[in-house]
Every structure is written in structure tokens, then in C-alpha cells.
Amino acid sequence: DQQVKQNSPSLSVQEGRISILNCDYTNSMFDYFLWYKKYPAEGPTFLISISSIKDKNEDGRFTVFLNKSAKHLSLHIVPSQPGDSAVYFCAASGDPSGSRLTFGEGTQLTVNP
Amino acid sequence: DTGVSQNPRHKITKRGQNVTFRCDPISEHNRLYWYRQTLGQGPEFLTYFQNEAQLEKSRLLSDRFSAERPKGSFSTLEIQRTEQGDSAMYLCASSTASPYEQYFGPGTRLTVT
């Protein structure tokens, strides 16, 4: 059972435009959500997170939106830069110890110059 | 700034052999996690330590897999009698007591021939 799902395997945008990456989850016990970025041959790099008590968190060019009723979150990157080209993973946590992260399948973002 | 390190970065082994991977977490992090990632998928949780205590194991961690963190610092993941299905990227992550923001190492890529 895929509890965290990223339905778009890939996304291509022009430099300077907005990139919107989407993520859906099914487990209502999830209460903390994270986005990671991964370059080839490297481990995932933490990008931004959001608690379920908020609906928006912003850090520079990156903003994460959470819609709890729809069990949906999105990552907005504005403006997109070629260096943002990477695989983006959505992850969620919610077990009592806060230990395991459950990841989506990832979305390959390509930002074209 | 010393991040999470993993050794070796690549391992090729024949089916039936045993392999051991090492993870050195960020020094002040008391939590350590192991994940496995296969092509086209997000990382999947394997196990988690708080200090030297192994607190959680996924059902993915068959009895051929064993993980240790003997002094609450580095950790090892051993796979006995490797199978071709064990071929994957093995990722280690660490965090402080604020559990959700896990920081990943570069991974060990295992190929079983």
C-alpha cells in the first residue's frame, strides 16, 4: 500500500517560472511532512518541512502548502533555476516515536535554461 | 561541517556472500536510520536506533539482515547470504531528538551478481 504518492514522475519548466510538485497521502495519522531533493549519486537532501498544524511554510524560493482535508501537499519553487533540476521526494511521518519516514516515488524536475 | 558518511560507496558481490556496510552519523545526532532505495522508488525504511538501542525494524528487514550500533555512534548493516533482490542503494540517515528532519548520507550501492 502506497501511503504517500507522487503521481507525476517528471516535470519540465522554464527557468524563472514556477515549479509545482504535488504529493498525496492516505494515512490520516501523518502529522509532519518533508520534501527532499536528490541529485544523482548523492543521498537525499532535506529541503523544507511542514507540521500538520500549519497550512503553509516558506523558505526563500521554496514554499510548501498543506491541505489536510484533501490529504494533499505541494512544493512551489519560484523562480525555478537550472540548479533545481533533481528528483524531489515527498515524505511523511506520524508514528508516535516519529521515527520512520514514508516516502513517495519521487518527481524528476528539469528546469530548462 | 561533517555530514553523514557511508562506506563503501559501491559494493559488488556474488550471490550467497555476506556484506557489511558502515554508517557514521553527524556527531551530535543520537538517532540513526537505515533505508533501502530501488530504482524508480523512494527510500523505504529498514530500521532505527536511538543511541545504541534498536527501537524499530521494518518487516522488510528479513532475518538475513542485521544492524548494530554498538556504542551509539557508528552503525553497521550486514546482509548474509545475499540474493539478487538485495541489489539496491542502502541509505543511512541521522537526526537529533527532533526526529523528523533526517539527514542522509550518500548511500552504498550494492550489486549482487
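Residues numbered from 1 in each chain as written. Chains lettered and ligands numbered in written order. Predicted model: local features only at pLDDT ≥ 70, side-chain atom pairs only at ≥ 80, totals over all residues. Heavy atoms only, no water.

**Q** Before we go on, may I ask you to explain unusual backbone geometry in this structure?
**A** Outside of glycine, negative phi angles account for most residues, and trans bonds account for most peptide bonds. Pro 79 of chain A follows Val 78 of chain A through a cis peptide bond whose omega is -10°. At the junction of Asn 7 of chain B and Pro 8 of chain B, the peptide bond is cis and its omega measures out at -10° in the coordinates. With respect to the helices, strands and loops of the structure, Pro 8 of chain B is situated in the loop between strand E1 (5-7) and strand E2 (10-13). In this model, Lys 71 of chain A sits at a positive phi of 50°, which is unusual for a non-glycine residue. Tracing the backbone through its elements, the reader meets Lys 71 of chain A in the loop between strand E7 (62-67) and strand E8 (72-77). Although it is not a glycine, Asn 51 of chain B sits at a positive phi angle of roughly 55°. Position of Asn 51 of chain B among the secondary structure elements: in the loop between strand E5 (44-50) and strand E6 (53-57). (Helix = DSSP H or I, 4+ residues; strand = E, 2+ residues; numbered from the N terminus.)

**Q** What is the right way to look at the nonpolar core in this model?
**A** Proteins that are soluble and globular tend to have nonpolar side chains buried together. Formed by 23 residues in total, the largest nonpolar core has its most connected members in Phe 33, Trp 35, Leu 73, Leu 75 and Tyr 88 of chain A. Elements supplying a minimum of two residues to this core: strand E3 (19-25), strand E4 (32-38), strand E5 (45-51), E7, E8, strand E9 (86-93) and strand E11 (107-112) of chain A. When residues of this core are assigned to their parent elements, the largest contribution, four residues, is made by E9 of chain A. Of all hydrophobic cores here, the second largest spans 19 residues; its members include Ile 26, Phe 49, Ile 79 and Val 112 of chain B. (Core = buried A, V, L, I, M, F, W, Y, C linked by side-chain atoms within 4.5 Å. Buried < 20%, exposed > 50% of the residue type's maximum accessible area, 1.4 Å probe, protein only.)

**Q** Explain the sheet that holds E8 of chain A here, please?
**A** Within a sheet, neighbouring strands are paired by backbone hydrogen bonds and run either parallel or antiparallel to one another. Residues and elements named next belong to chain A. Ordered in space as E1-E3-E8-E7-E6, the five strands form an open sheet in which the pairing is antiparallel. Looking at which strands have only one partner, the edges of the open sheet turn out to be strand E1 (4-5) and strand E6 (56-59). Relative to E8, E7 is paired through six bridges, and the arrangement is antiparallel. The residue of E8 that forms the bridge with Phe 62 is Ile 77. (Pairing = 2+ DSSP bridges.)

**Q** Help me understand the interface of chain B and chain A, please; the structure alone is not making it clear to me.
**A** Note: interface size is frequently given as the accessible area lost on complex formation between the parts. At the junction of the two partners, chain B supplies 23 residues and chain A supplies 22 residues. Between chain B and chain A, a total of about 1800 Å² is buried, with carbon and sulfur atoms accounting for 54% of that surface. Residue Arg 100 of chain A is joined to Glu 56 of chain B by a salt bridge in which the shortest nitrogen-to-oxygen separation is 2.8 Å. Run the count over chain B and chain A and you get six residue pairs in polar contact (both at pLDDT 80 or more). No other element matches strand E4 (residues 31-37) of chain B, which puts four residues into the side of chain B that touches chain A. Counted by class, the side of chain B that touches chain A contains 11 nonpolar, seven polar and five charged residues. (Contact = heavy atoms within 4.5 Å. Buried area = accessible area lost by both parts, 1.4 Å probe. Salt bridge = Lys/Arg side-chain N within 4 Å of Asp/Glu carboxyl O. Polar contact = N/O pair within 3.5 Å; in protein donor to acceptor, adjacent residues only side chain to side chain. Nonpolar A, V, L, I, M, F, W, Y, C, P; charged D, E, K, R; others polar.)

**Q** Is there a simple way to explain the state of the cysteines in this structure?
**A** Linking two cysteines covalently via their sulfur atoms produces the bond known as a disulfide. Evaluation of the coordinates by the stated rule reveals two disulfides over all chains. Cys 23 of chain A shares a disulfide with Cys 90 of chain A; S-S distance 2.0 Å. Because the sign of the S-S torsion sets the handedness, a value of about -70° for the bond joining Cys 23 of chain A and Cys 90 of chain A places this disulfide among the left-handed ones. You can see Cys 23 of chain A sitting in strand E3 and its partner Cys 90 of chain A sitting in strand E9, a full 67 residues away along the chain. Side by side, Cys 23 of chain A and Cys 90 of chain A carry an identical accessibility label, which is buried. The disulfide bridge from Cys 23 of chain B ends at Cys 92 of chain B, spanning 1.8 Å between sulfur atoms. An S-S torsion of about -65° defines the bridge between Cys 23 of chain B and Cys 92 of chain B as left-handed. Here Cys 92 of chain B lies in strand E9 (residues 88-95) and Cys 23 of chain B lies in strand E3 (residues 19-24), a separation of 69 residues in the sequence. Take Cys 23 of chain B: its relative accessible area is 0%, and that puts it in the buried class. (Disulfide = S-S within 2.5 Å.)

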